[in-house]
Amino acid sequence: MSVSTKAYAAVDLGASSGRVMVGRVGPHSLELAEVHRFPNRPVRVPEGLRWDILGLYAGVLDGLRAAGAVDSVGIDSWAVDYGLLDADGALLGNPVHYRDARTEGVAEKVWASVPAEELYAATGLQYAPFNTLYQLTAAQGSAQLASAERLLLIPDLLTYWLTGEQGTELTNASTTQLIDPRARDWARGVAERLGIDLGLFAPLRQPGDRAGVLRPEVLEETGLAGPVPVTAVGSHDTASAVAAVPAGGERFAYICTGTWSLAGLELDAPVLTEESRAANFTNELGLDGTVRYLRNIMGLWLLQECVRAWGEPDLGELLREAAKVPALRSVVDAGDAAFLTPGRMPERIAAACRDSAQPVPHSPAEITRCILDSLALAHRRAVLDAQRLAGHPVDVVHVVGGGTRNALLCQLTADACGLPVVAGPTEAAALGNVLVQARAHGLVGDLAGMRRLLTRTQLLTRYEPRGGTQRWEAAQARLARP
């Protein structure tokens, strides 16, 4: 490896699997390789749905052992969930999964103290039943929360176990609904009115901050030679993914695709209007003072659950058959909370079509086409709404993440939006993670410099829109009927 090239381990944790990637970065080069992948299987216990956080940590250690010599380590993961530590720094039980039912009905309790309009004006975060604020409200009065001295979001918890140092990375903290996106600091008034102790949180960190070095025990476990620094990255995986959007000077929207679709814009300031709240857009924080103005859409979770119910058929063949099904025959609201929980997804999609007086899809190919048409329609609506609400027109849509492998979804998104779609990179979150570490070491410059390097080094595919958008407008109108 050239002296001007450095190696960085990106720990990238998703809702169904985790992996450790090694990125090798030079002034004009960027290569990424997966060195270890491991499952992320939630466990249902008598008290509810929990993450197997010890299994995840073991996977991280195995991955670092497989990575070999690296110049830094960074961790990103999904948002909102957390672990609680006691006064000795020991974990108080397995972290609760965001799909757990404990937050049902909690929002109304929160809004009785801080009305939804005030909450949005203060935090800019869309309503989602699993936001950390609602989880903490649901936990009030529990023995576990009463015993807690510290709360660490998932990537910060794993960083603590690696380094012994505690912090709260800002991009992930912005998903808690306890951050003021204008001040980029805690929304203390909101927390006080809801009885949430912000003293539970460790001090805020910025992406690029040093988060410690690997403990001697971790070095021994992984076989690495110290010191190995750990760098705070955009620890919310979407923050890392958006940092890896290979945009030039064009006006762009982005869609981060995977289990969820996160569709929106990168802005310089939050949009905190009542109209924005009603449209359920969120203002999360990104790199270099940016705001990720986006809407959460259920995403490929719908297809993942169906594939699981069908016994894991060949996905390529399923998509080929779905492409033969007539377009927009039936669509569902891909943002409907009715699809949030696992189980019986094909039946639930069929029921939604039946209830809206549309043709009911029966075969796996028909249901798959319904899902992909519905996701493209949701992408269209989010991109159009974001432009209107932010007063920020766009010329191109960048699709990054796992959904870039789904050529049918990318083409349908271009058709629905009436805009070119540039798909790639697939491993956007890991690349963003690596590039923040590289920037902390002076190998790349600002966010624009990171994106120039991505544009030069990553495989990108362009999809041009086919035909007009009238049939998509008609499908949206059909879905909007009571």
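Here the structure is shown first, and the text comes after it.
No experiment lies behind these values; they were computed from the predicted model shown. (Residues numbered from 1 in each chain as written. Predicted model: local features only at pLDDT ≥ 70, side-chain atom pairs only at ≥ 80, totals over all residues. Heavy atoms only, no water.)

**Student:** What should I look at first to understand the overall build of the chain in this one?
**Tutor:** Regarding its fold elements, the chain presents 19 helices and 21 strands. Put simply, the chain has 482 residues, and 59% of those count as buried. Look at the contacts in the chain between residues 6 or more apart in sequence, and 73% of them connect residues 24 or more apart. Carbon together with sulfur atoms contributes 51% to the accessible area of the chain, which is approximately 18400 Å² in total. In the chain, which carries 44 positive and 54 negative side-chain charges, the distance between the mean positions of the two groups comes to 5 Å. (Helix = DSSP H or I, 4+ residues; strand = E, 2+ residues; numbered from the N terminus. Buried < 20%, exposed > 50% of the residue type's maximum accessible area, 1.4 Å probe, protein only. Contact = heavy atoms within 4.5 Å. Areas by Shrake-Rupley, 256 points an atom, 1.4 Å probe, with all protein chains shown as cover. Lys, Arg positive; Asp, Glu negative; His and termini not counted. Charge placed at Lys NZ, Arg CZ, Asp CG, Glu CD.)

**Student:** How should the packing of helix 15 (residues 364-390) against helix 16 (residues 407-417) be read in this particular structure?
**Tutor:** Geometry of a packed helix pair, given as the angle between the helix axes and the separation of the axes. Two elements in contact, helix 15 and helix 16, have axes whose closest approach is 8 Å; the angle formed by their N-to-C orientations is 45 degrees. As summarised for this structure, helix 15 and helix 16 are arranged oblique, according to the angle between their axes. The way helix 15 lies across helix 16 gives a crossing that is right-handed. For the pair helix 15 and helix 16, the contacting residues are Arg369, Leu372, Asp373, Leu375, Ala376, His379, Arg380 and Val383 in the first and Leu408, Leu409, Leu412, Thr413, Ala416 and Cys417 in the second. In terms of residue class, the contact of helix 15 with helix 16 is made up of nine nonpolar, two polar and three charged. (Axes fitted to C-alpha atoms, helices over the stretch in contact; angles between N-to-C directions. Parallel < 35°, antiparallel > 145°, perpendicular 65-115°, else oblique. Left-handed = near helix turned anticlockwise from the far one by under 90°. Nonpolar A, V, L, I, M, F, W, Y, C, P; charged D, E, K, R; others polar.)

**Student:** Teacher, can you tell me more about the pairing of strand 17 (residues 282-285) here?
**Tutor:** Walk down a regular strand and you will see the side chains alternate between the two sheet faces. The two faces of strand 17 match: Thr282 and Glu284 on one face and Asn283 and Leu285 on the other face are all buried. Bridge analysis of strand 17 against strand 18 (residues 291-297) gives four bridges, and the strand direction is antiparallel. The residue of strand 18 that forms the bridge with glutamate 284 is arginine 292. Counting the residues in the hairpin turn of strand 17 and strand 18 gives five residues, including aspartate 288, whose phi is positive at 55 degrees. (Pairing = 2+ DSSP bridges.)

**Student:** Where do I start with the nonpolar core in this structure?
**Tutor:** In summary, soluble globular proteins display a tendency toward joint burial of nonpolar side chains. By size, the foremost hydrophobic cluster in this structure holds 134 residues, and its most contacted members are Val25, Leu302 and Ile349. Setting aside residues no more than four positions away along its own chain, leucine 302 makes contact with Ala334, Phe339, Met345, Ile371 and Leu375. With 32 residues, the next largest nonpolar core counts Val114, Leu119, Leu133 and Leu198 among its residues. (Core = buried A, V, L, I, M, F, W, Y, C linked by side-chain atoms within 4.5 Å.)

**Student:** Which parts of the structure should I look at to understand the side chain of threonine 368?
**Tutor:** Position of threonine 368 among the secondary structure elements: in helix 15. Here threonine 368 falls in the buried class, since its relative accessible area comes to 0%.

**Student:** Whenever I open this one, the environment of aspartate 385 confuses me. Can you help?
**Tutor:** For aspartate 385, the location among the structural elements is in helix 15. Taking relative accessible area as the criterion, aspartate 385 reaches 13% and is therefore assigned buried. Taking the C-alpha atoms as reference points, aspartate 385 and glycine 124, separated by 261 residues in sequence, lie 16 Å from one another. What aspartate 385 contacts, discounting residues up to four positions off in sequence, is Phe281 and Arg295.

**Student:** Any chance you could explain the packing of aromatic side chains here in plain terms?
**Tutor:** Aromatic ring pairs are reported here in terms of the distance separating the ring centres and the angle at which the planes meet. Taken as a whole, this structure holds nine aromatic pairs when the rule is applied. Consider the rings of tyrosine 57 and tryptophan 161, whose centres lie 5.2 Å apart with planes at 65 degrees: the pair is edge-to-face. Here the residue tyrosine 57 occupies a position in helix 1 (residues 53-67), and tryptophan 161 occupies one in helix 6 (residues 154-163), the gap between them amounting to 104 residues. On the accessibility criterion, tyrosine 57 (13% relative accessible area) is buried. Using a relative accessible area of 14% as the deciding quantity, one classes tryptophan 161 as buried. Aromatic pair tryptophan 111 and tyrosine 127: ring centres 5.4 Å apart, planes at 65 degrees, arrangement edge-to-face. Note that tryptophan 111 is positioned in helix 2 (residues 106-113) and tyrosine 127 in the loop between helix 3 (116-123) and helix 4 (132-139), a separation of 16 residues in sequence. By the ring-pair criterion, three or more aromatic residues cluster together here, those being Trp51, Trp78, Tyr98, Phe130 and Trp260. It is arginine 99 that lies over the ring of tryptophan 301; its NZ or CZ is 3.7 Å from the centre. (Phe/Tyr/Trp six-rings, centres within 6.5 Å; stacked < 30°, edge-to-face > 60°. Lys NZ or Arg CZ within 6 Å of the ring centre and 35° of its normal.)

**Student:** Would you take a moment to explain the pattern of salt bridges for this structure?
**Tutor:** A side chain of one charge can pair with a side chain of the opposite charge if their charged atoms are brought near each other. Inspection of every chain in the model, using the stated rule, returns 28 salt bridges. In this structure, the salt-bridge partner of arginine 369 is aspartate 373, at a minimum N-O distance of 3.0 Å. On the criterion of helical spacing, the pair formed by arginine 369 and aspartate 373 is a turn pair, its members being four residues apart in helix 15. For the pair arginine 369 and aspartate 373, one class covers both residues: buried. Within the structure, one salt-bridge network assembled from shared partners comprises Glu275, Arg295, Arg381, Asp385 and Arg388. (Salt bridge = Lys/Arg side-chain N within 4 Å of Asp/Glu carboxyl O.)

**Student:** Got a minute to help me understand the sheet that holds strand 18 in this structure?
**Tutor:** Sheet strands associate in pairs through backbone hydrogen bonding, adopting either a parallel or an antiparallel arrangement. One open sheet holds the seven strands; their spatial order is 17-18-16-15-19-20-21, and the pairing between them is mixed. A single partner strand is all that each edge strand has here, and the edge strands are strand 17 and strand 21 (461-463). For this sheet the average axis-to-axis angle between neighbouring strands, irrespective of direction, equals 30 degrees.

**Student:** Would you take a moment to explain helix 1 for this structure?
**Tutor:** Residues that lie three or four places apart on an α-helix share one face, since the helix turns once every 3.6 residues. Between its first and last C-alpha atoms helix 1 spans 21 Å; for 15 residues at 1.5 Å apiece the expected length is 21 Å, and the two agree. Looking only at helix 1, the buried set comprises Ile53, Leu56, Tyr57, Gly59, Val60, Leu61, Gly63, Leu64 and Ala67. Of the surrounding elements, those touching the buried residues of helix 1 are strand 1 (6-13), strand 2 (17-26), strand 3 (29-39), strand 6 (72-76), helix 6 and helix 9 (216-222). In the segment just after helix 1, glycine 68 is the residue with positive phi, at about 75 degrees. (Expected span 1.5 Å × (residues − 1).)

**Student:** Mind showing me how you'd approach helix 14 (residues 345-355) here?
**Tutor:** Among all positions of helix 14, only Met345, Pro346, Arg348, Ile349, Ala350 and Cys353 are buried. Packed against the buried residues of helix 14 are helix 12 (301-309) and helix 15. One or two residues past the end of helix 14 sits alanine 357, with phi positive at roughly 60 degrees.

**Student:** What am I meant to see in the environment of alanine 416 here?
**Tutor:** Along the chain, the position of alanine 416 falls in helix 16. With 37 residues separating them along the chain, alanine 416 and histidine 379 place their C-alpha atoms 7.8 Å apart. Here alanine 416 is in contact with Ala376, Arg380, Thr469 and Trp472, once residues within four sequence places are set aside.

**Student:** Hey, could you run me through the environment of glutamate 34 in this one?
**Tutor:** Mapped onto the elements of the fold, glutamate 34 is located in strand 3. Look at glutamate 34 and you get partly exposed, because its relative accessible area is 40%. Along the sequence, glutamate 34 and glutamine 177 sit 143 residues apart, while their C-alpha atoms lie 33 Å from each other. Apart from the residues lying within four places of it in its own chain, the contact partners of glutamate 34 are Arg19, Val20 and Met21. A polar atom in the side chain of glutamate 34 sits 2.9 Å from the side chain of arginine 37. (Polar contact = N/O pair within 3.5 Å; in protein donor to acceptor, adjacent residues only side chain to side chain.)

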